[in-house]
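Topology and contacts: notes
Okay, here's what each chain looks like letter by letter:
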Amino acid sequence: MALPEWKALRFGLLLYLTNRWLAFTPAHWLRNAWYRAVMSVQIDPQVAIHQGAHLTCRGGIEIGFGSTLDQNAWLDGRGGLYIGRNVATGPSVTFLTADHDPQCPNFSGRLRPIHIGDHAWLGARATVLPGVKIGEGAVVAAGAVVTCDVPPYAIVGGVPARVIGQRQGPMSYELNGQRRPFC
């Protein structure tokens with residue numbers, strides 16, 4: 001069911017303010033406060049979301065203690081996005097929770113959640129597609145496109161991503177939402 005025109009306009013304005021103005025404000029505390037209060041994102045106080053993040057909706061996103069999302073992250077919460085504790089991403093990482101069923105005659109949309117385990121590390125421009133679970137301590141190489149689940153402590157790379165190595169676990173580090181000045 002489509003939103004009434006005035007609600008759609010109000011929602012469009014909210015997304016515009018969030019993604020075009022606030023996302024580039026060089027005040028980390030202000031961005032996190034806005035994401036929590038206005039965009040209904042569940043963010044631990046020790047999370048760092050750097051400038052240029054793009055949100056596709058209100059709510060549907062949960063980010064655990066100490067995680068750091070580098071610049072220009074694309075966060076699609078429509079199907080549910082859970083990012084665990086002490087997760088690190090490179091710039092321009094994309095999380096997509098919505099797509100279309102290619103077998104459906106009416107090209108209907110579908111929503112599937114993404115779950116990123118604690119201590120996972122996603123390289124620059126990695127893309128995680130709907131319904132994927134990335135295990136604890138896993139590494140996704142830069143530019144990889146993750147189309148299926150990644151086992152804990154696996155290192156994956158390529159398009160589509162395949163296991164290319166193994167990380168020694170368990171991991172015990174804490175990132176504490178590392179921030180850079182003016183990011």
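Structure shown above.
Residues numbered from 1 in each chain as written. Predicted model: local features only at pLDDT ≥ 70, side-chain atom pairs only at ≥ 80, totals over all residues. Heavy atoms only, no water.

Across its full length, the protein carries two helices and 19 strands. Taken against the 2.2 N^0.38 rule, which gives 16 Å for 183 residues, the C-alpha radius of gyration of the protein at 16 Å falls within 12% of a compact globule. Each of the three principal axes of the protein carries a C-alpha extent, and together these read 55 × 50 × 20 Å. Relative to its full complement of 183 residues, the protein shows a buried share of 47%. Across the protein, the fraction of contacts at a sequence separation of at least 24, relative to all contacts at a separation of at least 6, is 31%. (Helix = DSSP H or I, 4+ residues; strand = E, 2+ residues; numbered from the N terminus. Rg over C-alpha atoms; globule rule 2.2 N^0.38 Å. Buried < 20%, exposed > 50% of the residue type's maximum accessible area, 1.4 Å probe, protein only. Contact = heavy atoms within 4.5 Å.)

This part is about the environment of glutamine 168. In this structure, glutamine 168 sits in the segment after strand S19 (162-166). For glutamine 168, a relative accessible area of 66% translates into the label exposed. As for glutamine 168 and glycine 137, which are separated by 31 residues in sequence, their C-alpha atoms are 8.6 Å apart.

We now examine the sheet that holds strand S9 (residues 94-95). Read from one edge of the open sheet, five strands run S3-S6-S9-S14-S17, paired in parallel fashion. At either margin of the open sheet sits one strand with a lone partner, and together these are strand S3 (54-55) and strand S17 (145-146). Looking at chain direction, strand S6 (residues 74-75) and S9 are connected through two bridges and run parallel. Directly across from tryptophan 74, in S9, lies its bridge partner threonine 94. (Pairing = 2+ DSSP bridges.)

Mapped onto the elements of the fold, valine 38 is located in the loop between helix H2 (28-37) and strand S1 (42-43). Distance in space between the C-alpha atoms of valine 38 and valine 132 is 27 Å, their sequence separation being 94 residues.

Turning next to the environment of proline 105. Tracing the backbone shows proline 105 in the loop between strand S10 (98-100) and strand S11 (109-111). Proline 105 gets classed as exposed once you look at its relative accessible area, which sits at 80%. Along the primary structure proline 105 and histidine 115 are separated by ten residues, whereas in three dimensions their C-alpha atoms are 29 Å apart.

Before going further, it helps to spend a moment on the pattern of salt bridges. Following the criterion strictly, the structure yields four salt bridges and no others. For aspartate 76, the salt bridge goes to arginine 78, with nearest N and O atoms at 2.8 Å. Taking relative accessible area as the criterion, arginine 78 reaches 44% and is therefore assigned partly exposed. Residue aspartate 99 pairs with arginine 110 through a salt bridge whose shortest N-O separation is 2.8 Å. Residue aspartate 99 is found in strand S10, and its partner arginine 110 is found in strand S11; the two are separated by eleven residues along the sequence. Linked through salt bridges whose partners overlap, the residues forming this network are Asp99, Asp101, Arg110 and Arg112. (Salt bridge = Lys/Arg side-chain N within 4 Å of Asp/Glu carboxyl O.)

Looking at chain direction, strand S16 (residues 139-140) and strand S18 (residues 154-157) are connected through two bridges and run parallel. Counted as the bridge partner of valine 140 is valine 156 from S18. In this sheet, S19 lies alongside S18 in antiparallel orientation, the contact comprising four bridges. Directly across from isoleucine 155, in S19, lies its bridge partner glycine 165. Linking S18 back to S19 in an antiparallel pair, the connection comprises four residues, with glycine 158 at a positive phi of about 100°.

Another point: helix H1 (residues 5-21). Spanning 17 residues, H1 covers 23 Å between terminal C-alpha atoms, matching the ideal 24 Å at 1.5 Å per step. Of the positions making up H1, those classed as buried are Leu14, Leu15, Thr18 and Asn19. Projected down its long axis, H1 shows its buried positions confined to an angular sector of 110°, all on one face. Among the exposed residues of H1, those pointing more than 90 degrees away from its buried face are Glu5, Trp6, Leu9, Arg10, Tyr16 and Arg20. Those residues of H1 that are buried lie in contact with H2 and S3. (Expected span 1.5 Å × (residues − 1). Arc of directions from axis to C-beta.)

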